[in-house]
Amino acid sequence: MKELWVEKYRPPLLDGYVFKDENQKTIVNHWIKQGALPHMLLSGSPGTGKSTLIKALLNELKVDPFDVLEVNASKDNGVDFIRDKITKFAETMGYGEIRYVFLDEADGLSAPAQGTLRGTMEKYAASVRFLLTCNYPHKLIEAIHSRCEAGKMHIQNLNKDEYDMRLIDILQKENIDIDFDALEIISRKTYPDLRRGIGMIQARSVDGKLNPPPADSEDVADYKLNMIELFGKGKYKEARQLICSQVNREEYEDMYRFMYQNVGFWAGEDQSKEDKCIVTIRDGLVKHTMCADIEINLSATLVELEMIAKGVL
């Protein structure tokens, strides 16, 4: 595997980027004509092209690589990193008139780090612009939202047909014989995360043919359907173990919405139990944004719901 298809087929310029919102395309082209970007905040599901758009914009503006600091904010998310790395970068002289800090997954920044970042964004706004991506914009403080108001965009998902055509186009360019049953399985399991979909079709392309994933592969095991079946049968412990072993990090917050929408699994028709379940789910979601281990927090929330269902709590 000499080259990752995700990078190979990432459009380097705007000509290859597909905008779902024509108004956003107009705004972006206006920035290019002006020769600089504002502070930006791009939100959307994983794999929808947020990072791709930012990189394409920097390429369009021909920004010198030395004038760009790229940070994975889900990893480097503390106050010390903001002060030692980002603020120092902002203080130094650049090659161009404007320098850029690209903060990928900015919703992973801690609350104190966001407070420090806010001050840096304001202090160096004349010479440094901050380009943020996130999956969950509500995790960012309002002060950051307000500083990115001129460049705030939500990147919409491709519809399912467009998504499938992207995968087919890549397979055809790679001269891969397409098994459409295998493609449908892969598409159904990865949509709308195009990055993951491209990675999976590359992994399953062997000897010039797209092969279906193994039936017992974690990639294709529809754990959500199995989870619902277990909850429906009152097998709470088994469902909890399945969730904690299969759920992706990006899906954790969505699990609390799932629990709320399906509170009947634990409450049945009992209004008192339903009220307790809703409060428990709310508490779990609040703690999710603050705790060090989100898996333990999710597991604890499910345990409490199980106790409510059994009348113990």
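What you see is a predicted model, and the numbers here were worked out from it, not measured in a lab. (Residues numbered from 1 in each chain as written. Predicted model: local features only at pLDDT ≥ 70, side-chain atom pairs only at ≥ 80, totals over all residues. Heavy atoms only, no water.)

A. Seen up close, helix 7 (residues 160-173). Relative to the 20 Å expected for 14 residues at 1.5 Å per residue, helix 7 spans 20 Å between its end C-alpha atoms, a close match to the ideal helical length. Listed in full, the buried residues belonging to helix 7 are Tyr163, Asp164, Leu167, Ile168, Ile170 and Leu171. Considered in projection along helix 7, the buried side chains sweep an arc of 160° and stay on one side of the axis. Residues of helix 7 that are exposed and point over 90 degrees away from its buried face: Asp161, Met165, Gln172 and Lys173. On its buried face, helix 7 sits against helix 1 (5-8), helix 8 (180-190), helix 9 (194-203), strand 6 (205-206) and strand 7 (209-210). Where helix 7 begins, the side chain of asparagine 159 points an oxygen toward the backbone nitrogen of aspartate 161, at a separation of 3.1 Å. Looking one or two residues past helix 7, asparagine 175 carries a phi angle of roughly 55°, positive in sign. (Helix = DSSP H or I, 4+ residues; strand = E, 2+ residues; numbered from the N terminus. Expected span 1.5 Å × (residues − 1). Buried < 20%, exposed > 50% of the residue type's maximum accessible area, 1.4 Å probe, protein only. Arc of directions from axis to C-beta. Contact = heavy atoms within 4.5 Å. Polar contact = N/O pair within 3.5 Å; in protein donor to acceptor, adjacent residues only side chain to side chain.)

B. Local environment of the sheet that holds strand 2 (residues 68-72). On the basis of which strands lie adjacent, the open sheet formed by five strands has the order 2-3-4-1-5 and parallel pairing. Each end of this open sheet is capped by a strand with a single partner; those strands are strand 2 and strand 5 (152-154). Here the strands of the sheet are splayed against their neighbours by 10° on average, with no regard to which way each runs. Here five bridges tie strand 3 (residues 99-104) to strand 4 (residues 128-134), and the two strands are oriented parallel to one another. For leucine 103, the partnering residue across the bridge sits in strand 4 and is leucine 132. (Pairing = 2+ DSSP bridges. Axes fitted to C-alpha atoms, helices over the stretch in contact; angles between N-to-C directions.)

C. Region of interest: the packing of aromatic side chains. Taken as a whole, this structure holds eight aromatic pairs when the rule is applied. For the ring pair tyrosine 163 and tyrosine 191, a centre distance of 5.1 Å and an interplane angle of 90° mean the geometry is edge-to-face. With tyrosine 163 in helix 7 and tyrosine 191 in the loop between helix 8 and helix 9, this residue pair connects regions lying 28 residues apart in the sequence. We classify tyrosine 191 as partly exposed; its relative accessible area is 31%. (Phe/Tyr/Trp six-rings, centres within 6.5 Å; stacked < 30°, edge-to-face > 60°.)

D. Broad picture of the nonpolar core. With 25 residues, the main nonpolar core has Phe231, Ile243, Met259, Trp266, Leu298 and Leu302 as its most contacted residues. Going through the elements one at a time, helix 10 (223-232), helix 11 (236-246), helix 12 (252-261), helix 13 (264-267), helix 14 (271-288) and helix 15 (294-309) are the ones with two or more residues in this core. The dominant element in this core, judged by the number of residues it contributes, is helix 15, at six residues. Listed in part, the 24 residues of the second largest apolar core include Ile86, Ala106, Leu109 and Leu132. (Core = buried A, V, L, I, M, F, W, Y, C linked by side-chain atoms within 4.5 Å.)

E. Main features of the pairing of strand 1 (residues 40-43). Alternating residues of strand 1 divide into Met40 and Leu42 and Leu41 and Ser43, and every residue in both groups is buried. Summarising the sheet, strand 1 and strand 4 pair through four bridges and their orientation is parallel. Among the inter-strand pairings, serine 43 is bridged to a residue of strand 4, identified as cysteine 134. Relative to strand 5, strand 1 runs parallel, the two sharing three bridges. Across the sheet, serine 43 pairs through a bridge with histidine 154, a residue of strand 5.

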